[in-house]
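Observations on the model geometry
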Amino acid sequence: MIGLYLPTSDIDVMILESGIKNPQTGLYALFRVLSQRGIAKKIQVIAKASVPIIKFVEKKSGAAFDISFDVDNGPKAAEFIKEAVLKWPQLRPLCLILKVFLQQRDLNEVYSSGIDSYALLAMIIAMLQICIFGFSIRHWTLAG
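This text gives an overview of the structure that appears in the document. Computed from a predicted model, the values in this text were never measured in an experiment.

Further remarks concern unusual backbone geometry. Not every positive phi belongs to a glycine, and K42 is a case in point at roughly 55°. Inspection of the secondary structure assignment puts K42 in strand β2 (residues 40-46). With a phi close to 55°, D106 is a non-glycine residue in the positive phi region. Note that D106 resides in the loop between α3 (91-104) and α4 (117-133). Looking at D106, the relative accessible area reads 59%, which means it is exposed.

We now examine the environment of Y28. For Y28, the position within the fold is in helix α1 (residues 23-37). Judged by relative accessible area, Y28 falls into the partly exposed class, the value being 40%. Taking the C-alpha atoms as reference, Y28 lies 9.9 Å from I46; in sequence the two are 18 residues apart. Among residues more than four places away in sequence, those in contact with Y28 are V45 and A47.

Let us now look at the side chain of K55. Topologically, K55 is positioned in strand β3 (residues 53-58). K55 gets classed as buried once you look at its relative accessible area, which sits at 10%. Polar contacts involving the side chain of K55 include one to the side chain of D66, which spans 2.9 Å.

Here we take up the nonpolar core. Counting residues in hydrophobic clusters, the biggest one holds 14 residues, and the most contacted among them are L4, W88, L91, C95, L121 and I124. Breaking this core down by element, the ones donating at least two residues are α2 (73-87), α3 and α4. The biggest single contributor to this core is α4, with five residues. Apart from the residues within four sequence positions on either side, C95 is in contact with L4, L120, L121 and I124. Listed in part, the 11 residues of the second largest apolar core include L34, A40, A47 and F69.

About the cut-offs
- Residues numbered from 1 in each chain as written.
- Predicted model: local features only at pLDDT ≥ 70, side-chain atom pairs only at ≥ 80, totals over all residues.
- Heavy atoms only, no water.
- Helix = DSSP H or I, 4+ residues; strand = E, 2+ residues; numbered from the N terminus.
- Buried < 20%, exposed > 50% of the residue type's maximum accessible area, 1.4 Å probe, protein only.
- Contact = heavy atoms within 4.5 Å.
- Polar contact = N/O pair within 3.5 Å; in protein donor to acceptor, adjacent residues only side chain to side chain.
- Core = buried A, V, L, I, M, F, W, Y, C linked by side-chain atoms within 4.5 Å.

Here it is as structure tokens:
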């Protein structure tokens, strides 16, 4: 747990080493099972995204899920975010406030032209680096 979730946040699940040939196959198979067994409502397969997912709400608990297959950079990203939150304590409140702001305007989903949490965190981290350390874009060069 990273602690950057809202009460309305979904639960992200990554199924690793699934053995399926492509993520879309797994997503549509999961869609069929969830539909046939009546486990979920509001099921939506987003197969053409850079990270294909299935979104649904589990009927009994009302918990929202996003499930992806074989996206191995997820655990690395979570570790990076944990370290960033420890490094910059300001990150947590800024992130939560902006998440609420985006959610209120339906701008918190990439597939609907919004921004996802990871991109939001990257922007906040960049802003904190500029504000705290005085980094400036004019000092950045392509040569490194």
